[in-house]
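Each chain is listed here by its residues.
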Amino acid sequence: MDTKRSYGGLDVFRMIAAFLVVAIHTSPLGTFSAEADFFLTRELARLAVPFFFMVTGHFVLAGWVRGEDRDFGSIRRYLARVAVLYGVSVLLYLPIGIYAGHYWELTFSGALRMLFFDGTFYHLWYFPALLLGILIVSLLGRFCAPGLSLFVSSVLYLIGLLGDSYWGLAQKIPGVSDAYELGFRCFSYTRNGIFLAPLFLVMGALLERGAEKTKPVVNAVGLGVTFALMAAEGFILRHFDFQRHDSMYLLLPFCMFFLYRLLLSWNRKTVGAFRKISMWIYILHPAVIVVVRGCAKAIGVSGIFVDNSLIHYLTVCAGSAAAGLAAVVVQTRLRRKKGYEKDRAWIELDMAALEHNVRTMQAMLPENCKLMPAVKAEAYGHGAVLISRELNRLGVKAFCVASVSEGVQLRKAGVRGEILILGYTHPRQLDLVRRYHLLQAVVDSRYAEELARYGRKLHVHIAVDTGMHRIGIPCSRQEEIERVFQIKNLKVEGIFSHLCVSDSEEAGKEEFTLAQGEAFFQLTDALRGKGYECKRHLIASNGILNYPQFAGDYARAGIILYGVRSAEGDMDRSGAVLRPVMSLKARVASVRELNPGEGAGYGLAFVAKRPARIATITIGYADGLSRLLSGGRGEVLIRGHRAPIAGRVCMDQTLVDVTEIPDVQTGDIAVLIGRSGSEVITAYDMAEAAGTITNEIFTSMGARLTRTVKPAAGKRKAITGADMREKKTAEEPSGEKPQDK
Ligand SMILES: *Cc1c(COP(=O)(O)O)cnc(C)c1O
């Protein structure tokens, strides 16, 4: 289940939670029954804010709290983002607050209290609480084990509880209520500031682990029971008039535990838009309330839209949703204006295609085999951070890279999960392997000794050579491998090998692959027999397609994750339909006419045979457009037509012949890989024209290319594997097969 999880359930509940918060501030059932309204707004809706804290804990703090990730960078960046959002919200509500007279008698200390605890407007307490909560939990995570963090934050919660729903109890204890009164000079309610947020942040950080082992039914029943008890708790406290406020209950954390686990087990597609919209609904709904009331009064329909609490609520919900949507649109526009992503030469990533490929592979692999995508070499040129974060979001929690620096880059970008370095790491860099919680491959016995000499604890996977003869301890030398297990400072977490002819149907190649697989599993079975237990993995892309029987605990998917195979002719027994993730695009910079006989470009290698029109496009071999595509071997698409490359590809620019394409203009988009109108150029086409494999095409993408994510909303037709097959039959296949990687 684990690798197949996505977080769509959480996304859906973000929207529900946002509308529950609107309910808190509009009392939808107030007109009908005070009890029903209390139930809805003071009990059910109290699940909302803790949920938001848990999501943050889960996605921002998990690695830190568990001690798996010691890099504070991504947390700091998140804090900065929240602070900016808080600042924007404060400014937004300043006029309303001034109009409502909130700040007339404000003292300096009052202003500080507002800014740091109460949040200047009634719903904005959330932001300072989030900021303080993250700081507290970061501090706890730095110095305490997860269990202790949970304990300390629970104690904070209990202290908060006494000043909230259990205030009646606190008042009965001499001295205690005085202490609270002192606290209330600092913050109006104990849910503000430091008491409520930490517990839910820590819970969010810890809850995913082991979540897959519980059954949804168990969580649903657990939620039902604890929520019923919490509802009873709320009514009893209300009956005895204990409540000073009603944000915290004894049973609330238990409800949240089951609710969150239930949502984690809900396997539906992620909806990125819900994340942003729900946040904006939260921020904007009080303003919408003001607008709805103002408008209703102005046109004299208050009787309907304000006095009937349910209609009022629904109107505010609709208005807030519209405002939220508008805010997201504005936000994207602003970002787009600022960005120069599509100004020169860029890569467009189709994340829907990535998800499709992930799900396709998961469906082909046995349940217990997790994906460990190869995101080395900038995720095959696609952008390691963008791709890995997206994979994290899709529930992928293991990665492999080629070097320490690649692993560190991912950690700094907040990528969670295991990261295995597949090759040699210089001993001088082992400190980084430790600090960033990376897994190191043991490339041979000599290297194992080197790792032993390092002396400090390292987590490793042992590479085994089953015939490729690149790295690994020869698979026949079992004692040598056992010796690695015995090295004191090495924690062997995995053992792996690599197939080298699993893409080939040539005579003998299949036998070779089968022998590799058998040798590997015989060896690892024997090791298990002797008590040397660890994860094992053998297959990469071609193994997934052709030898799924060798799936161990991980499949190190590389090239097919990105939607193609190395070459179109490679063996594929699976018939899997993959979707390419990358498009490569540039702009037309200039268009000019040539007379017959005139030359163009370096060496005047292009010569016009007739009156010709040449367009200069903003991409060259420094960007990854191979110079081997010169002289018409490569093509680009402009306005849905093919334009052959004219003359020699330059470092930064390239000429293309657009004589046949009407109206080509400066600023037009030139597609080098991808679709334009009904025409497609695939990575296979480019690789074939350049005499190489798609892997090399992708990994040659230059450093100055920008990368953007194709908007998911515009349901443009994606290039499918079927398209490619169609295209292939339409064009005659070239004879020679690109050689080995
Ligand atoms: C690069 C690499 C992979 C991924 O290979 P693909 O063929 O692209 O799937 C897997 N394992 C090892 C050891 C690698 O070096």
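Here is what the cut-offs are and how they apply
- Residues numbered from 1 in each chain as written.
- Predicted model: local features only at pLDDT ≥ 70, side-chain atom pairs only at ≥ 80, totals over all residues.
- Heavy atoms only, no water.
- Axes fitted to C-alpha atoms, helices over the stretch in contact; angles between N-to-C directions.
- Helix = DSSP H or I, 4+ residues; strand = E, 2+ residues; numbered from the N terminus.
- Parallel < 35°, antiparallel > 145°, perpendicular 65-115°, else oblique.
- Left-handed = near helix turned anticlockwise from the far one by under 90°.
- Contact = heavy atoms within 4.5 Å.
- Nonpolar A, V, L, I, M, F, W, Y, C, P; charged D, E, K, R; others polar.
- Near = heavy atom within 4 Å.
- Polar contact = N/O pair within 3.5 Å; in protein donor to acceptor, adjacent residues only side chain to side chain.
- Areas by Shrake-Rupley, 256 points an atom, 1.4 Å probe, with all protein chains shown as cover.
- Expected span 1.5 Å × (residues − 1).
- Buried < 20%, exposed > 50% of the residue type's maximum accessible area, 1.4 Å probe, protein only.
- Phe/Tyr/Trp six-rings, centres within 6.5 Å; stacked < 30°, edge-to-face > 60°.
- Lys NZ or Arg CZ within 6 Å of the ring centre and 35° of its normal.
- Domains from an automatic or database assignment.
- Arc of directions from axis to C-beta.
- Core = buried A, V, L, I, M, F, W, Y, C linked by side-chain atoms within 4.5 Å.
- Patch = residues over 30% accessible without salt bridge, like charges linked within 9 Å, V, L, I, M, F, W, Y side chains within 5 Å.
- Salt bridge = Lys/Arg side-chain N within 4 Å of Asp/Glu carboxyl O.
- Lys, Arg positive; Asp, Glu negative; His and termini not counted.
- Charge placed at Lys NZ, Arg CZ, Asp CG, Glu CD.
- Pairing = 2+ DSSP bridges.
- Right-handed = clockwise from strand over helix to strand, strands pointing away.

Quick look at the packing of helix 23 (residues 478-486) against helix 24 (residues 509-529)
Between helix 23 and helix 24, the least distance of the axes is 11 Å, while the angle of their chain directions is 50°. Relative to helix 24, the element helix 23 is oriented oblique. The two elements helix 23 and helix 24 meet at a crossing, and its hand is right-handed. Between helix 23 and helix 24, the contacting residues are Q478, I481, E482 and F485 on the first element and L523, A526 and L527 on the second. When its residues are assigned to classes, the contact of helix 23 with helix 24 shows five nonpolar, one polar and one charged.

Notes on the site of the ligand
Around the ligand, the structure places 13 residues, and the nearest of them are K376, Y380, S541, R556 and G558. K376 is positioned such that a nitrogen or oxygen atom in its side chain is 2.7 Å from an oxygen atom of the ligand. R470 places a polar side-chain atom, nitrogen or oxygen, 3.3 Å from an oxygen atom of the ligand. Considering the ligand on its own, with 390 Å² of exposed area, one finds that the protein chains cover 92% of that surface. Among the residues making up the shell around the ligand, the classes are represented as six nonpolar, three polar and four charged.

Examining helix 1 (residues 8-26)
With 19 residues, helix 1 should cover 27 Å at 1.5 Å per step; its first-to-last C-alpha distance of 28 Å lies within 8% of that length. Here helix 1 lies mainly inside the structure; 16 of its 19 residues are buried. Among the residues trailing helix 1, S27 stands out with phi positive, at a value near 45°.

Some points on the environment of H25
If you trace the backbone, H25 turns up in helix 1. Residue classification places H25 among the partly exposed positions, given a relative accessible area of 26%. Considering only alpha carbons, one finds H25 and T41, 16 residues apart in sequence, at a separation of 8.2 Å. Among all residues touching H25, those that are not within four sequence positions of it are Y122, H123, H285 and I289.

Structural notes on the packing of aromatic side chains
Counted under the stated rule, the structure contains 29 aromatic pairs. Each ring, one from Y180 and one from F184, has its centre 6.2 Å from the other, and the planes form 35°; the classification is tilted. Placement of the pair is Y180 and F184 together in helix 9 (residues 176-184), with a separation of four residues, close to one helical turn. Judged by relative accessible area, which is 13%, Y180 ranks as buried. Looking at F184, the relative accessible area reads 7%, which means it is buried. Considering the side-chain rings of F521 and F550, the 6.0 Å spacing of their centres and the 25° angle between planes classify their relative orientation as stacked. Of this pair, F521 sits in helix 24 while F550 sits in the loop between helix 25 (541-546) and strand 10 (554-556), and the two are 29 residues apart along the sequence. F521 gets classed as buried once you look at its relative accessible area, which sits at 15%. One aromatic cluster is present, built from ring pairs that chain together F13, F51, F52, F53, Y86, Y126, F127, Y260 and Y282. Above the ring of W167, the side-chain terminus of R244 is found at 6.0 Å from the ring centroid. The ring of F184 has R244 sitting right over it, with the charged end atom 3.5 Å from the ring centre.

Thoughts on the domain arrangement of the protein chain
Assigned domains within the protein chain: domain 1 (43-268) and domain 2 (582-681). Each of domain 1 and domain 2 was reduced to a C-alpha centroid, and the two centroids are 58 Å apart.

Details of the environment of G30
Examined against the element boundaries, G30 turns out to sit in the loop between helix 1 and helix 2 (34-43). Owing to a relative accessible area of 42%, G30 belongs among the partly exposed residues under this scheme. In sequence terms G30 and E493 are 463 residues apart; their C-alpha atoms lie 58 Å from each other. The contact partners of G30, leaving out residues within four places of it in the chain, are D37 and S309.

As for the packing of helix 3 (residues 48-65) against helix 13 (residues 252-264)
Where helix 3 contacts helix 13, the axes come no closer than 11 Å and their chain directions differ by 60°. In terms of their interaxial angle, helix 3 and helix 13 are classed as oblique. The two elements helix 3 and helix 13 meet at a crossing, and its hand is right-handed. On helix 13, the residues touching P50, F51, M54, V55, H58 and F59 of helix 3 are L252, M256, Y260, L263 and L264. Tallied by class, residues from the contact of helix 3 with helix 13 come to 10 nonpolar, one polar and no charged.

Observations concerning helix 24
Between its terminal C-alpha atoms helix 24 stretches 30 Å, which fits the 30 Å expected from 21 residues at 1.5 Å a residue. Along helix 24, the residues classified as buried are T513, Q516, G517, F520, F521, L523, T524 and L527. Looking down the long axis of helix 24, one finds its buried residues gathered within 155° of arc, a one-sided arrangement. Opposite its buried face, helix 24 presents the exposed residues E511, Q522 and G529, each directed more than 90 degrees away. Following helix 24 by one or two positions, G531 has its phi on the positive side, about 90°.

Focus: the nonpolar core
Considering soluble globular proteins, one finds that nonpolar side chains tend to be buried as a cluster. I387, L391 and I462 are the most contacted members of the largest nonpolar core, which has 118 residues in total. Those residues in contact with I462 that lie beyond four places of it in its chain are V442, I473, I481, V484, F485, V492, G494, I495 and F496. In this structure, I24, W125, F187 and F195 belong to the second largest nonpolar core, which totals 99 residues.

Observations concerning a positive patch on the surface
A surface patch of positive charge is lined by R76, R77, R81, K276, R335 and R389. Tracing the chain through its elements places R389 in helix 19 (residues 384-393).

Thoughts on the side chain of H382
Turning to its location among the elements, H382 is positioned in the loop between helix 18 (376-380) and helix 19. With relative accessibility at 0%, the residue H382 sits in the buried group. Not counting residues within four places of it along the chain, the set of residues in contact with H382 comprises L349, I387, Y562, V581, M582, F698 and R707.

Describing a nonpolar patch on the surface
Together, L91, L94, I98 and W104 line one region of the surface with nonpolar side chains, adding up to about 440 Å² of accessible area. The topology assignment puts W104 in the loop between helix 4 (73-99) and helix 5 (108-118). You can call W104 exposed: its relative accessible area is 65%.

With respect to the pairing of strand 6 (residues 458-465)
Strand 6 sits mainly inside the fold: seven of its eight residues count as buried. When strand 5 (residues 439-442) meets strand 6, the two strands line up parallel, connected through three bridges. For V442, the partnering residue across the bridge sits in strand 6 and is I462. Crossover handedness for the path strand 5 to helix 22 (residues 445-454) to strand 6: right-handed. In this structure, strand 6 lies alongside strand 8 (residues 490-496), joined through six bridges in parallel fashion. Across the sheet, residue V460 finds its bridge partner in strand 8, namely V492.

Considering the environment of Q409
Looking at the secondary structure, you find Q409 in helix 20 (residues 404-412). Residues Q409 and G141, spaced 268 residues apart in sequence, show a C-alpha to C-alpha distance of 22 Å.

Quick word on the pairing of strand 15 (residues 635-638)
Judged from the four bridges that link them, strand 15 and strand 16 (residues 641-644) form a sheet pairing that is antiparallel. Bridge pairing in strand 16 places L637 opposite R642. With antiparallel pairing between neighbouring strands as the criterion, strand 15 and strand 16 make up a hairpin whose turn holds two residues, including R639 at a positive phi of roughly 50°. As paired strands, strand 15 and strand 18 (residues 669-676) are joined by two bridges and run antiparallel to one another. Looking at strand 18, one finds that L637 is bridged to V671.

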